[in-house]
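Here is how the chains run, residue by residue.
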Amino acid sequence: MSRKEINQEDLSMKETDAFSKVQDQRDNSDNEDQVKETSSVEGTSSIEGPIYIEGPSSVKGTSSVEGTSSVEGTSSFKGTSFVEVTSSAEGPCSVKGTSSVEAIRQYLAAKLGIGSRTKDLKHVDDDQKHPYRVLTTLDFDGIIEYIKEGKAKNIITLAGAGISTSAGIPDFRTAGTGLYDNLQKYQLPNPTAIFDIGFFEQNPKPFFTLAKELFPGKFEPTPSHYFIKLLEKKSLLLRHFTQNIDTLERVAGIGDDKIVEAHGAFHNGHCIKCRKEYSQDWIKEIIFKDELPICECGGFVKPDIVFFGENLPERFFNCMQNDFKKCDLLIILGTSLVVQPFASLIDRVGPDCPRLLINMEKAGVSSRLDQVLSGAGLQIDSPGNYRDVAWLGDCDQGCRELAEGLGWGEE
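In this report, we go over the structure that sits alongside the text. Note that the coordinates shown come from a computational prediction; the quantities given were computed from them, not determined experimentally.

### Examining the sheet that holds strand S13 (residues 277–279)
Okay, so step 1: Spatially, the 3 strands line up as an open sheet ordered S13-S12-S14, and their pairing is antiparallel. Edge positions in the sheet fall to S13 and strand S14 (301–305), since each of these pairs with one other strand and no more. Mean inter-strand twist for the sheet, computed between neighbouring axes without regard to direction, equals 40 degrees.
Okay, so step 2: Two strands pair when backbone bridges link them, and strand S12 (residues 264–271) and S13 are joined in this way by 3 bridges, in the antiparallel orientation.

### Observations regarding the packing of helix H2 (residues 140–148) against helix H10 (residues 395–405)
To describe two helices that pack against each other, one gives the angle between their axes and the distance between the axes.
Okay, so step 1: It is the contact of H2 with H10, at a shortest axis distance of 10 Å, that shows an interaxial angle of 50 degrees. As far as their axial angle goes, H10 and H2 are oblique. As H2 runs across H10, the sense of the crossing is right-handed. In this structure, H2 contributes Phe-140, Ile-143, Ile-144 and Lys-148 to the contact, and H10 contributes Gly-398, Glu-401, Leu-402 and Gly-405.
Okay, so step 2: Looking at side-chain class alone, the contact of H2 with H10 contains 4 nonpolar, 2 polar and 2 charged residues.

### Focus: the nonpolar core
Okay, so step 1: Counting residues in hydrophobic clusters, the biggest one holds 33 residues, and the most contacted among them are Ile-331 and Leu-402.
Okay, so step 2: It is H2 that contributes the most residues to this core, 5 residues altogether.
Okay, so step 3: If you look at the next biggest cluster of nonpolar residues, it comprises 30 residues, including Ile-169, Ile-194, Phe-200 and Phe-219.

### Digging into the side chain of Thr-242
Okay, so step 1: Tracing the sequence through the fold places Thr-242 in strand S10 (residues 237–242).
Okay, so step 2: A distance of 3.0 Å separates the side chain of Thr-242 from the side chain of Glu-249, its partner in a polar contact.
Okay, so step 3: Apart from the residues within four sequence positions on either side, Thr-242 is in contact with Ala-159, Glu-249, Ile-259, Val-260, Glu-261, Ala-262, His-263 and Phe-342.

### Thoughts on the sheet that holds strand S17 (residues 355–359)
Okay, so step 1: Strands sit in the order S11-S10-S9-S15-S17-S18 across an open sheet of 6 strands; the sheet is parallel. Here the strands that pair on one side only, and so sit at the sheet edges, are strand S11 (259–261) and strand S18 (388–392). Averaged over all pairs of adjacent strands, the angle between strand axes in this sheet comes to 15 degrees, irrespective of strand direction.
Okay, so step 2: Where strand S9 (residues 155–159) meets strand S15 (residues 329–333), 5 bridges bridge the pair, whose relative direction is parallel. In the sheet register, Leu-158 faces S15, and the bridge partner there is Ile-332.

### Describing the pairing of S15
Okay, so step 1: With 5 of 5 residues buried, S15 is to be regarded as a mostly interior element.
Okay, so step 2: Of the two faces of S15, the one holding Leu-329, Ile-331 and Leu-333 and the one holding Leu-330 and Ile-332 are both buried throughout.
Okay, so step 3: In the sheet, S15 pairs with S17 via 4 bridges, with the strands oriented parallel. Along S17, the bridge assignment pairs Leu-333 with Ile-358.

### Regarding unusual backbone geometry
Okay, so step 1: With an omega of 10 degrees, the peptide bond between Gln-340 and Pro-341 qualifies as cis.
Okay, so step 2: Residue position: Pro-341 is located in the loop between strand S16 (339–340) and S17.
Okay, so step 3: Phi at Ser-235 is positive, roughly 60 degrees, even though this residue is not glycine.
Okay, so step 4: Looking at the secondary structure, you find Ser-235 in the loop between helix H5 (223–233) and S10.
Okay, so step 5: One non-glycine residue, Leu-337, adopts positive backbone phi at about 55 degrees.
Okay, so step 6: Within the element layout of this structure, Leu-337 appears in the loop between S15 and S16.

### Some thoughts on the packing of aromatic side chains
Okay, so step 1: Scanning all chains against the criterion turns up 15 aromatic pairs.
Okay, so step 2: With a centroid separation of 5.5 Å and 90 degrees between ring planes, the pair formed by Phe-200 and Phe-307 is classed as edge-to-face. Taken as a pair, Phe-200 in helix H3 (residues 197–202) and Phe-307 in the loop between S14 and helix H8 (314–323) lie far apart in primary sequence, 107 residues in all.
Okay, so step 3: The class for Phe-200 is buried, based on a relative accessible area of 1%.
Okay, so step 4: An aromatic cluster is defined as three or more aromatic residues linked by ring pairs; in this entry it consists of Phe-195, Phe-200, Phe-207, Phe-208, Phe-300 and Phe-307.

Quick notes on the rules
Residues numbered from 1 in each chain as written. Predicted model: local features only at pLDDT ≥ 70, side-chain atom pairs only at ≥ 80, totals over all residues. Heavy atoms only, no water. Pairing = 2+ DSSP bridges. Helix = DSSP H or I, 4+ residues; strand = E, 2+ residues; numbered from the N terminus. Axes fitted to C-alpha atoms, helices over the stretch in contact; angles between N-to-C directions. Parallel < 35°, antiparallel > 145°, perpendicular 65-115°, else oblique. Left-handed = near helix turned anticlockwise from the far one by under 90°. Contact = heavy atoms within 4.5 Å. Nonpolar A, V, L, I, M, F, W, Y, C, P; charged D, E, K, R; others polar. Core = buried A, V, L, I, M, F, W, Y, C linked by side-chain atoms within 4.5 Å. Buried < 20%, exposed > 50% of the residue type's maximum accessible area, 1.4 Å probe, protein only. Polar contact = N/O pair within 3.5 Å; in protein donor to acceptor, adjacent residues only side chain to side chain. Phe/Tyr/Trp six-rings, centres within 6.5 Å; stacked < 30°, edge-to-face > 60°.

Next up, the structure:
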């Protein structure tokens, strides 16, 4: 599976109080269904970009809805895949019929709170509601009490660039200060090209110029890194999954066996042609002389950072399969949760596992169409929320407050 980036506009929606389940309706009609007006859709909504969907469902063929809205593209959802869909809806439209397209339309109408039949349909979150809350209160205090009561013995942390910004390392997407907003001097076709394997094979110089600025050894761990280390010291950390390539977890002393560097790191490097391994020190010596690291076979030597177009490390998938079913508290730190498959990890924990987001803004919230369809994403703003908590602000401050609430402040 390749590292993919999802850029999607938020889909506004209103929800109704009660829904009934939609039964899958199928017939042997042609894959191309023309469907005509009987109900109305109000408002304007749109979904663009790649959508990552897991599950054993399938949608095949090309469907169109007549009126003033349309769904374009031929999509196939099957197993675990990346799917790109562009759709739009505006003004009144109408649908009738008993095909599988109609079943999908009814489901979407129910979930989005539109059309005339929503009052008869069951809310998708109803099946996810528990007769009790996992947390006594859906806030920081509820998380602190949960940990103090000894219910969190296998904590997984998911981290992004937000835990390293106070060390002086820019994140990727913050407007004005993010890395992608400050790459003009490299004259790239687009900002993400600097981490694209196809572009690197043709022109590696921009990456190595940037790598010199970001290379390990220039930065120190932050309070967020040391909080994760403290969880390990308390024997509460099952695994730390990080998107960061700065190796600051290692500098903070977190054990190698606890770390999963989902997008790789500068720790080692390999020739992209013959796969010969090279040490971090060897690569550093070359690029700090403003030279390109070249293997004896003539190929470029790239640090083991996962570029767009490359597979994630095998360790990521092994730990993903084994760890999350054991997790009893998920802590999400400093990530926008837009890069797949990392972003989907929040949905791999069990239904009784609390999820805490510490971030400058809400992320991973169930609002995109793929999340609406699958019931995925954090339920922070949902009336059916029973386990998700968001603490919005600086990651270091959030970790300090959590540690102080647990009586670990001086540690």
